[in-house]
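# Coordinate inspection notes
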Amino acid sequence: MEPDDGQWVRPAKDYASTRYSSLDQINVNNAKQLKVAWTFSTGMDRGHEAAPLYVNGTLYIITPWPNTLFALDAKTGAIKWQYNPDPSPSAKGVACCDWVNRGGSYAFGNIYYNTLDGFTVAVNATTGKEVYKTKLGDITKGETITMAPLVVKDKVLVGNSGGEFGVRGWLTAVDAHSGKIAWRAYSTGPDKDVLIGPRFKPFYSSDKGQDLGVKTWPPDAWKIGGGTVWGWISYDPETNLVFYGTANPGPWNSDERPGDNKWTAGIFARDADTGEAIWYYQYSRHDLYDYDGVNENLLLELPINGQQRKVIVHPDRNGYIYVLDRATGQPLSASPFAYVNTSKGVDLKSGLLQYNDEKKPRFGSVTREICPSAPGAKDWQPSAFSPRTGLLYLPHNNLCEDEEDVSVSYIAGTPYVGANVKMFAGPGGHGGEFTAWDPVNGKAVWKIKDRFPVWSGALATAGDVVFFGTMDGYFKAVNAKTGDELWQFKTGSGIIGQPVTYKGPDGKQYVAVLSGVGGWAGAIVSGGLDARDPTAALGFVSAMKELPKYTSKGGQLYVFALP
């Protein structure tokens, strides 16, 4: 782990994506004394999913569309400057799941982030002046960008969104200094487009062969097959590899796309300089349920069967936490962390998810009680890992659904889904959980249940305090070892942002989080959707009918500190 300077310059703090801070002024004994230091209203009321950045005495926050970047004085919250990228209003119409933005990165004196209408921008962190603005996506096809880029060496790594619009997924490297595209690796199509060459050595033979990104699809379906890259990227400086997941294949109606649908719903390891694929593993072959593989990949060293291994820990939407060998992509274990009936396990010999045929969505008939539902046992909301406890802290869902597949035709820039879905709370009747997970032994250590999906990120600290937020607006601190609640604060709206912590100019530890409900789970509030339509927001409204009784729209940064 890198030395901790008390700053927060990347989406997940470090390249290993741990969201762990070695700051310990705030600890289990004094967390109950936390008070609001200052607040800042963003002036927007759509879902706020971003993590603030803290760099040299300034906090940077990025709003949902129109994607304004604010630079705030870390002592007072006063605006130093703001940058408005002026994104196209048309992007709002093709954003599948609210107008969210998941944050930025700091490097070379610039803030790098993406706009909903498909641009990557670099902004001088001192002056707020635009350095460059590079167009990467095409909103006329339904292509947007919501993810937080990662800067690796001299490249800004960016992926697209739009899997529900039949776009073709990619990861693009932009030169950090010039803004020019250095390389682009597609998630479907011929090997030359996927950047598969002689260095590609996947662990399983089922991933070996020429142009599988074409041959595992019906003719030309790969061109509109999804596999977008809207989640998280990790980087291992030792091997110079980047790791990231690919999203669901499109459309959701899987009968429209027979085949393995490579390289969707899996993970790639690529050379950070050239983008060449090194290995790949598919979590959900021929995905049936919208189980994107884009969740975070934590790079850890763990004792596995008595041997210290460099691994990737990945909690997937399909309900399993995978531990993969970092060098080869070999799955070492895959343990369910939530209620799962869509599959009966993962066969480590073949690498295949063992689907339960009884729960397969079918054309013209409703398959009931599919668990987990389309947002998975866990969606984008990132987990944290504490090396002090050895535990992974998972904000996640407890949702099931009924689904009927229907026919669908591709029209550029319009939804391409082919399924009617109604979601509801899973076993126990609660919509979400916050789970402390032992990745070595593959079991939960403690759980906290919540009425709604826990849609915020997690933060772990050396004070043995873990922070997360709830959709009804509570920001919470719990004991990392026991899960006992230490403190909570009711914010003005639901929390779906990512908490961060930093050492301020006065040497004190602060904790910051954006409050502002929305995203896919909170669209019923941020988008004002009608609770009488259970299929709204791709069926999520059915599970969130009660949310408007507990929270309302908002957009506010909260910064907390000890007295």
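Fair warning: this is a prediction, and the values are worked out from it, not measured in the lab.

This part covers the overall build of the chain. Looking only at helices and strands, the chain features four helices and 38 strands. For the chain, the spread of C-alpha atoms along the three principal axes comes to 60 × 55 × 50 Å. The proportion of buried residues among the 563 residues of the chain is 67%. Taking the intrachain contacts of the chain between residues at least 6 apart in sequence as the baseline, contacts between residues at least 24 apart amount to 61%. Taking the 55 positively charged and 58 negatively charged side chains of the chain as two groups, their mean positions are separated by 2 Å.

In this section: the sheet that holds strand S17 (residues 266-271). As summarised here, the arrangement of the four strands in space is S15-S16-S17-S18, forming an open sheet in which the pairing is antiparallel. Bordering the open sheet on either side are strand S15 (233-236) and strand S18 (277-282), each of which pairs with just one other strand. Sheet twist, expressed as the average angle between the axes of neighbouring strands with direction ignored, equals 15 degrees. As paired strands, S15 and strand S16 (residues 241-245) are joined by four bridges and run antiparallel to one another. Across the sheet, residue serine 234 finds its bridge partner in S16, namely phenylalanine 243.

Structurally, threonine 188 can be placed in the loop between strand S14 (181-186) and helix H2 (191-194). On a C-alpha basis, the gap between threonine 188 and lysine 360 in space is 24 Å, while along the polypeptide they are 172 residues apart. With residues up to four places along the chain from it excluded, the contact list for threonine 188 reads Arg168, Val194, Gly213, Trp217, Trp222, Gly226, Lys262 and Thr264. From its side chain, threonine 188 meets the backbone oxygen of tryptophan 222 in a polar contact 2.8 Å long.

Ranked by internal contacts, the top residues of the largest apolar core, which has 48 residues, are Tyr60, Leu69, Phe467 and Leu557. Not counting residues within four places of it along the chain, the set of residues in contact with phenylalanine 467 comprises Ile26, Leu34, Gly457, Ala458, Leu459, Thr461, Phe475, Lys476, Ala477, Pro499 and Val511. By size, the runner-up hydrophobic cluster in this structure holds 35 residues, among which are Val152, Val158, Leu171 and Leu212.

This part is about the side chain of threonine 470. Inspection of the secondary structure puts threonine 470 in the loop between strand S33 (465-469) and strand S34 (474-479). By relative accessible area, which is 1% here, threonine 470 ends up buried. Setting aside anything within four residues of it in sequence, one finds threonine 470 in contact with Asp450, Lys476, Gly494 and Ile495.

What follows deals with the state of the cysteines. Per the counting criterion, the structure on display carries two disulfides. Note that cysteine 96 is cross-linked by a disulfide to cysteine 97, the S-S spacing being 2.0 Å. What sets the handedness of the cysteine 96 and cysteine 97 disulfide is the S-S torsion sign, and at about -80 degrees it is left-handed. What pairs with cysteine 371 in a disulfide is cysteine 400, and their sulfur atoms sit 2.1 Å apart. As the torsion about the S-S bond is roughly 110 degrees, the cysteine 371-cysteine 400 disulfide counts as right-handed. With cysteine 371 in the loop between strand S25 (367-370) and strand S26 (384-386) and cysteine 400 in strand S28 (residues 399-405), the pair connects residues that are 29 residues apart, well separated along the chain. Look at cysteine 371 and you get buried, because its relative accessible area is 3%. By sequence order of its bonded cysteines, the chain has the disulfide arrangement 1-2, 3-4.

Enumeration over the complete set of coordinates arrives at 37 aromatic pairs. Pairing phenylalanine 434 with phenylalanine 468 gives two aromatic rings, centres 3.9 Å apart and planes at 10 degrees, and the pair type is stacked. With a gap of 34 residues between them, phenylalanine 434 in strand S30 (residues 432-438) and phenylalanine 468 in strand S33 connect regions that are remote in the sequence. The pair formed by phenylalanine 434 and phenylalanine 468 is uniform in burial state, with each residue classed as buried. Aromatic ring contacts, followed pair by pair, group Phe467, Phe475, Trp487, Phe489, Tyr558 and Phe560 into a single cluster. Above the ring of tryptophan 65, the side-chain terminus of lysine 92 is found at 4.0 Å from the ring centroid. Here the basic side chain of arginine 270 rests over the ring of phenylalanine 268, its NZ or CZ set 4.2 Å away from the ring centre.

Bringing the sheet that holds strand S36 (residues 500-503) into the picture now. The strand order across the open sheet built from four strands is S2-S38-S37-S36, with neighbouring strands paired in antiparallel fashion. Because the sheet does not close on itself, it has two edges, and the strands there are strand S2 (35-41) and S36. Across the sheet, the axes of successive neighbouring strands diverge by a mean angle of 25 degrees, strand direction being ignored. As paired strands, S2 and strand S38 (residues 556-561) are joined by six bridges and run antiparallel to one another.

Time to look at the confidence of the model for the chain. Across the chain, the average pLDDT comes to 97, with 99% of residues at 70 or higher. Taken element by element, the chain is modelled with least confidence in helix H1 (residues 90-93), mean pLDDT 94, and with most confidence in S33, mean pLDDT 99.

Attention now goes to the pairing of strand S24 (residues 352-355). Residues in a regular strand point their side chains to alternate faces of the sheet. Across three bridges, strand S23 (residues 343-347) lies against S24 in antiparallel orientation. Residue pairing across strands places valine 346 opposite leucine 353, the latter belonging to S24.

On to the side chain of threonine 120. Summarising the element assignment, threonine 120 is placed in strand S9 (residues 119-124). For threonine 120, a relative accessible area of 0% corresponds to the buried category. In terms of polar contacts, threonine 120 uses its side chain to reach the side chain of asparagine 114, at 2.7 Å. Contacts of threonine 120, omitting those with residues within four sequence positions, involve Tyr113, Asn114, Tyr132, Lys133, Thr134, Leu136, Val156 and Val158.

Okay, the pattern of salt bridges next. When charged atoms on two side chains of opposite charge get close, those side chains can pair. One pass over the structure, following the stated rule, counts 29 salt bridges. The residue lysine 262 makes a salt bridge to aspartate 260 at a minimum N-O spacing of 3.7 Å. The class for lysine 262 is buried, based on a relative accessible area of 1%. The class of aspartate 260 is buried, set by a relative accessible area of 19%. If you follow the salt bridges from partner to partner, you end up with Asp207, Asp260, Lys262 and Arg285 in one network.

Further remarks concern the environment of valine 440. Secondary-structure assignment places valine 440 in the loop between S30 and strand S31 (443-450). Placed 137 residues apart in sequence, valine 440 and proline 303 show a C-alpha to C-alpha distance of 6.8 Å. Not counting the four nearest positions on each side in its chain, valine 440 is found in contact with Leu302 and Pro303.

Analysis parameters
- Residues numbered from 1 in each chain as written.
- Predicted model: local features only at pLDDT ≥ 70, side-chain atom pairs only at ≥ 80, totals over all residues.
- Heavy atoms only, no water.
- Helix = DSSP H or I, 4+ residues; strand = E, 2+ residues; numbered from the N terminus.
- Buried < 20%, exposed > 50% of the residue type's maximum accessible area, 1.4 Å probe, protein only.
- Contact = heavy atoms within 4.5 Å.
- Lys, Arg positive; Asp, Glu negative; His and termini not counted.
- Charge placed at Lys NZ, Arg CZ, Asp CG, Glu CD.
- Pairing = 2+ DSSP bridges.
- Axes fitted to C-alpha atoms, helices over the stretch in contact; angles between N-to-C directions.
- Polar contact = N/O pair within 3.5 Å; in protein donor to acceptor, adjacent residues only side chain to side chain.
- Core = buried A, V, L, I, M, F, W, Y, C linked by side-chain atoms within 4.5 Å.
- Disulfide = S-S within 2.5 Å.
- Phe/Tyr/Trp six-rings, centres within 6.5 Å; stacked < 30°, edge-to-face > 60°.
- Lys NZ or Arg CZ within 6 Å of the ring centre and 35° of its normal.
- pLDDT = per-residue confidence, 0-100.
- Salt bridge = Lys/Arg side-chain N within 4 Å of Asp/Glu carboxyl O.

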